[in-house]
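Topology and contacts: notes
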Amino acid sequence: MSSKSSEKAKQSLEKSTGSSGTQTVPVGQTSQPCPLEQKHYIRIVVKDETGKPVKDAKPKLVGGGTTIDAAPLDDNGRFDTGKTLDGTDPVEISFPTLFNCDWHASDTGEAAPVGNTSLPPIADGDCVISLAAAKGYRSYKDIWTAPENNALKTDRPSPGSLVVGDVLKAPGSKEKKVTKPVDAEWTFIVKSLKKPKLRIIVVDHERKPLPNCDWTLTGVASKTGKTGADGLIEILDIDPTAKDGTLKITPPPPIVRPEPPVTVPPVPDPPPYPMAIKAGDFKDEAPDTKELTVPFEFVLKIGSLPAHKHKTGVTARMRNYGFLTADNPTDDQIKAGVKAYQREIEKKDAPTGAFADIQEDLETRHTKA
Amino acid sequence: MSRTVFIARTANDLDQVNRIVIPTFALEDFRVAIGSKTSKCYLPKGSPGPKAGTGGADDFHFIPEKETIEIRYQIHDTAGLVTGAKLELFTPFKKDPLWTLDFDKLGADWWAHGKHVIKWDGRIVKPTVEQKGTDKDGGLEHDLTKIDLDKSLKDFPEGYATLEFPPYKFRLTLVSKDHAEHGKPIYGWTYWQILIHGFEFELGPKEAVPDTNDPTALQLNIALRKKIEDEGGIPADGATRKVRLISNIYKTASAEMGTNQGYTEYKTMWGNGPLIPILAKIRLKDSNDAEVKLDESDKGAVALGNTQFLWDFEDPDEKTDTQIGAGQAKTFVDDAIHYKKAKTDEWPKGDNCHMDRGGKRGDSIKTLFPEQDGYAAADTLTEGKFPFEVKKAKKRKWAALAKGWSKGKLKGRTGVAFSPSRMAGDDYQLTVYLANEFTKLDEHRLDVADEQLKAAATIKKKTGKFQVWRQMDIVKYVRKKNSIGNFVSTNIGAIQANYNKCYTHIENGQIVNEQLNAPNYNTLARNRIATVTSSNLAADFAVHPTADHSASASAFKLRTYAQFTAAVRNGFVLSNPTLSATDIDTALNNWLVANNVETDAKYAYAMDMAFVFAALNLADDLRLLNGVPNGITVMHFNCATSARADLAQAVGVAGAAIDVVGATRNKCLFVLLWDAVDTFVHEIGHHVFQAHFGPKPDAFVAGQHDAADLACIMSYNRPRPDFCGFCMLRIRGWDSDALSVTSASNKS
């Protein structure tokens, strides 16, 4: 411990409210030496990066060769040995269930993740977020920010969109230990567990947001609501590993604009030729038109949106965006869909049909908030 | 409906979204176009505006077969929900489509997402095989012009859209078998037209003159058609064309004069009137409003199909002031032609001869446009069969609806067999209308009983005036000697002028205009003289036994008055040889006075009276009608006797409408004995059934003349400038039994 941190620990000790059985010594007063055998304590407080207590971390304390069972942490993320420690030897503190990059003592800096372990290849439904959660990383960034993944990130700019078969590097060690003096309180920062969210914007065939639509989500979460003015459905804190869901949407009824009153001018004499069309003279019956009254159901394949720079990422976005329908589109179908996109969205007179030509524009329109 | 979408998780510190589209499909635009001209796209209420804008016109038009247009439509269906489409063609007031083009056979390209253009030349097709679209201008192009015509639909006999049904409504409907509720809108429509540019009349070919199973009538009608053709054909609006009905119909006995036989015979000859094939050549507007003459164009006439054309007529006011002139005759005719003119339940109103007087006015049965079956269009016409189907209109009972030919010799034309009344003086203006506007199912807008039809100038064409005339022919004019001036040539204008007032043309079509050539003339003359002299002593003295009658311009060569008196005196001398010369002279004078021949003038008159019938019989003996065609033959003597001729004495018999051997109902002869137009007119008048009026001569038929007109040319009351109105109408062909001799009574 540096002198500075030692001093900080001292201050921390001095500001503490004292542990059980310990006399409180007002600041500035001289402590009264105990005439009996002196007992010692160590206290740890586990917080996340925002200062919120972390209760689920499982610290391991070893003092004087003896392991101290520190779990569970209390509601304040605190564990206090009380004056039970016989010696003054520093206590070894670790979080065996956490990767090294997921915690650090508050008096030390955060260690950058090092991708020294290869993760299993990405399967359908996987993304950095789900994989991190599945593998016990406190944050997707443990993986995502590992410099060993920088090359991959060139073509996978979003942690939520990888490509099946991608292989990521991730920090592999959970062996980190720190030693702290007794009779002091030590604060440890453990990365918070932040669940991902679902953000879906429902748009119409012109890609305009559909506001005020009733929706019901099942599977990944059970929620109901109405789309916002921007057509957004946002579900926070979803199970990061959930891969399936069903979203039912009931579009709002169409807005029927009042038709301007029809004024029938008098027929001049002689009548003009050709005479003005009188719609009422046509007696054909309008085709049956069914209103969309039952909710429309989307089957959500969560985590299955590949990176946009990959062909599968383009086709998946095209399906979401309504330019492709087949489950396993042929090249011709893809080409036709790309052309349609280029004509309608990009307003190109000479569409190429090459998916690479739309991938950036499509990503922007599909994904950008 | 369920649809799989691919959703990325969003890290808690990021904000990416997943945009998902609720799958829908829509017809975004639908119209027809050629170049920059388009029809207007209509989409159901609540739909977004048409993708290609709200422009366009409801009167978009083109000519099927002649022009190829584009059917343009745009489908939004990126989700692939559409499983078919159909194009339907509607016309007003018919619930069911005239034609449906189901895209099923054509293939999915036809309803794929995006822009589409179908090349179409108005043809009706029924596809049986798939047709892939071809890329064009960012969309797909299709081509219906490569598909065979479907001629199985009765509405489109040539396999093309026709002029019969505009305005057309094209409706395109998208079909989604499983996801119809995701379509908004699923259909759209547009209107388009086939427009007429105008008409041009022409006289139909002679083959088109209908044969009514009456060879004589057919020949009369063919001759009439030829006459109209020779005189310029169909009159332009503002002009008049005489319809001259050859009607050499004459009495066959004097007893027929003053009877209604002329009406009966004329009716027998011309019945309900002539039949004149009148055609209208149809011109359409192409997409640039330029005129396309269907009769000349190699393409486009197929657009006629079963289109109907209304043939109508008006009865213009007769101009009696110019035709007859002022006077009692005009008054009489005016009263008669105004009969029931204001009758409210008779259409069309007018002043032609009313059905009550033998005409067609007010008669909804005896239409001017008799129904015709027509026959299938052909390159060779069938003689005696009218080519076009003609049906009587439903409400406008005096009008007719005719169809046209889309191909064949008369392609691009419609027409009627125009059958005006036979009554001379009747006149008509015909109008042809395009009759493809309806007010209800199967109810033509123009098929109404309103007298004046309201129609734009473009869809109608009016002829000039057809004016019915009778025609009688002078076919032979024989002068006893060429020393007689050619009276007919000199006076034909004046003669015609008289008959013109009866709308009757006296045609000076003499095939023989000669000096009498009769080698046996003297024999014939002496035989006839003998019938006179045997009972008439004066006449006996007037004739020299060896006189050469053939050398005289008169019927008989008589002694001059001096020779006559000398012959009489010599007779007294021979029979009274003892008398003195003075006594002989006294006896002669007494005899001359007793026989009313004491002066040369009296001698001339007495001999005229004595020999006139012999002269008329002599004319009969000459058999002048042998080999002569129908018409009037005139035998012109310079008086019956040379005695009158020598004095150029007007008093005497001027002419006679005699009944001779060889005369028929259709040819007659009269003898002209004195050069006088009124006589010439009068004698023809007799032959056309006109009787004398009085008070001179004593014998007359008062019931066949205007009681108020004593100057009728059929009287001897000179001056006698014209026929009376009653005669005029009789000559025109009216039923005299339905006329009153009192003018005012004929008005109502």
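Residues numbered from 1 in each chain as written. Chains lettered and ligands numbered in written order. Predicted model: local features only at pLDDT ≥ 70, side-chain atom pairs only at ≥ 80, totals over all residues. Heavy atoms only, no water.

Things to note about the overall build of chain B
If you tally the helices and strands in chain B, you get 13 helices and 30 strands. Expected size for 748 residues packed as a compact globule is a radius of gyration near 27 Å; at 40 Å, chain B overshoots this value by more than 25%. Counting only C-alpha atoms and orienting by the principal axes, one finds that chain B spans roughly 175 × 50 × 35 Å. Taken over 748 residues, chain B has a buried fraction of 60%. For chain B, restricting intrachain contacts to residue pairs at least 6 apart in sequence, the fraction spanning at least 24 positions comes to 71%. In the form shown here, chain B has an accessible surface area of approximately 27,800 Å², with 49% of it arising from carbon and sulfur atoms. Taken as two groups, the 93 positive and 94 negative side-chain charges of chain B have centres that lie 1 Å from each other. (Helix = DSSP H or I, 4+ residues; strand = E, 2+ residues; numbered from the N terminus. Rg over C-alpha atoms; globule rule 2.2 N^0.38 Å. Buried < 20%, exposed > 50% of the residue type's maximum accessible area, 1.4 Å probe, protein only. Contact = heavy atoms within 4.5 Å. Areas by Shrake-Rupley, 256 points an atom, 1.4 Å probe, with all protein chains shown as cover. Lys, Arg positive; Asp, Glu negative; His and termini not counted. Charge placed at Lys NZ, Arg CZ, Asp CG, Glu CD.)

Some points on the overall build of chain A
The helix and strand inventory of chain A stands at 7 helices and 16 strands. The buried share of chain A, taken over its 369 residues, is 44%. Contacts in chain A between residues far apart in sequence, at least 24 positions, make up 68% of those at least 6 positions apart. As displayed, chain A has an accessible area near 19,200 Å², and 52% of this comes from carbon and sulfur atoms.

Details of the interface of chain B and chain A
At the interface, 68 residues of chain B touch 85 residues of chain A. Contact with chain A buries area across many residues of chain B, yet Phe6, Arg9 and Arg19 of chain B alone supply 15% of it, more than any other trio. Linking chain B with chain A are 5 salt bridges, by the criterion used here. We note a salt bridge from Asp13 of chain B to Lys141 of chain A, for which the minimum N-O separation is 2.9 Å. Along the contact surface separating chain B from chain A lie 38 residue pairs in polar contact (both at pLDDT 80 or more). Elements that contribute at least two residues to the side of chain B that touches chain A include exactly β1 (2-7), β2 (18-21), β11 (168-175) and β12 (187-192) of chain B. Ranked by the residues each element gives to the side of chain B that touches chain A, the list is headed by β1 of chain B, at 6 residues. (Buried area = accessible area lost by both parts, 1.4 Å probe. Salt bridge = Lys/Arg side-chain N within 4 Å of Asp/Glu carboxyl O. Polar contact = N/O pair within 3.5 Å; in protein donor to acceptor, adjacent residues only side chain to side chain.)

A closer look at the sheet that holds strand β11 (residues 198-203) of chain A
Strand order in the open sheet made by the 3 strands is β14(A)-β11(A)-β2(B), with mixed pairing throughout. Bordering the open sheet on either side are β14 (232-235) of chain A together with β2 of chain B, each of which pairs with just one other strand. For this sheet, the mean angle separating the axes of adjacent strands, direction not counted, is 25°. Sheet topology places β11 of chain A next to β14 of chain A; 4 bridges connect them, and they run antiparallel. What sits directly across from Leu198 of chain A, in β14 of chain A, is Ile235 of chain A. (Pairing = 2+ DSSP bridges. Axes fitted to C-alpha atoms, helices over the stretch in contact; angles between N-to-C directions.)

Quick look at helix α8 (residues 561-575) of chain B
Residues and elements named next belong to chain B. Compared with an ideal rise of 1.5 Å per residue, which puts 15 residues at 21 Å, α8 spans 21 Å between its outermost C-alpha atoms and is within 8% of the ideal. Of the positions making up α8, those classed as buried are Tyr561, Phe564, Thr565, Ala567, Val568 and Phe572. Projected down its long axis, α8 shows its buried positions confined to an angular sector of 155°, all on one face. When the buried face of α8 is taken as reference, the exposed residues oriented beyond 90 degrees from it are Ala562 and Leu574. Elements that come into contact with the buried residues of α8 comprise α7 (537-542), α9 (581-594) and α10 (600-621). (Expected span 1.5 Å × (residues − 1). Arc of directions from axis to C-beta.)

As for a nonpolar patch on the surface
A cluster of nonpolar side chains, Tyr605, Met609 and Val651 of chain B, forms an exposed patch at the surface whose accessible area comes to about 250 Å². Of the residues examined, Tyr605 of chain B reaches a relative accessible area of 36% and is grouped as partly exposed. (Patch = residues over 30% accessible without salt bridge, like charges linked within 9 Å, V, L, I, M, F, W, Y side chains within 5 Å.)

Topic: unusual backbone geometry
Cis geometry is adopted by the peptide bond preceding Pro274 of chain A, which originates at Tyr273 of chain A and carries an omega value of -5°. Phi is positive for Asp289 of chain B, which is not a glycine, with a value near 70°. Within the secondary structure, Asp289 of chain B sits in the loop between β15 (276-285) and β16 (291-293). The phi angle at Asp442 of chain B is positive, at roughly 65°, despite the residue not being glycine. Within the secondary structure, Asp442 of chain B is located in the loop between β23 (438-440) and β24 (443-444). We classify Asp442 of chain B as partly exposed; its relative accessible area is 44%.

Brief notes about the nonpolar core
All names here are of chain B. The biggest cluster of nonpolar side chains holds 111 residues, and the ones touching the most others in it are Tyr73, Phe103, Phe170, Trp192, Phe309 and Trp311. Looking at this core element by element, the count peaks at 6 residues for β15. Two domains each provide a minimum of three residues to this core, namely domain 1 (26-194) and domain 2 (204-256 + 264-315 + 352-469). Formed by 51 residues, the second largest nonpolar core is a distinct cluster that contains Val478, Ala555, Leu588 and Met635. (Core = buried A, V, L, I, M, F, W, Y, C linked by side-chain atoms within 4.5 Å. Domains from an automatic or database assignment.)

As far as function goes, none of this settles anything; it's purely spatial.
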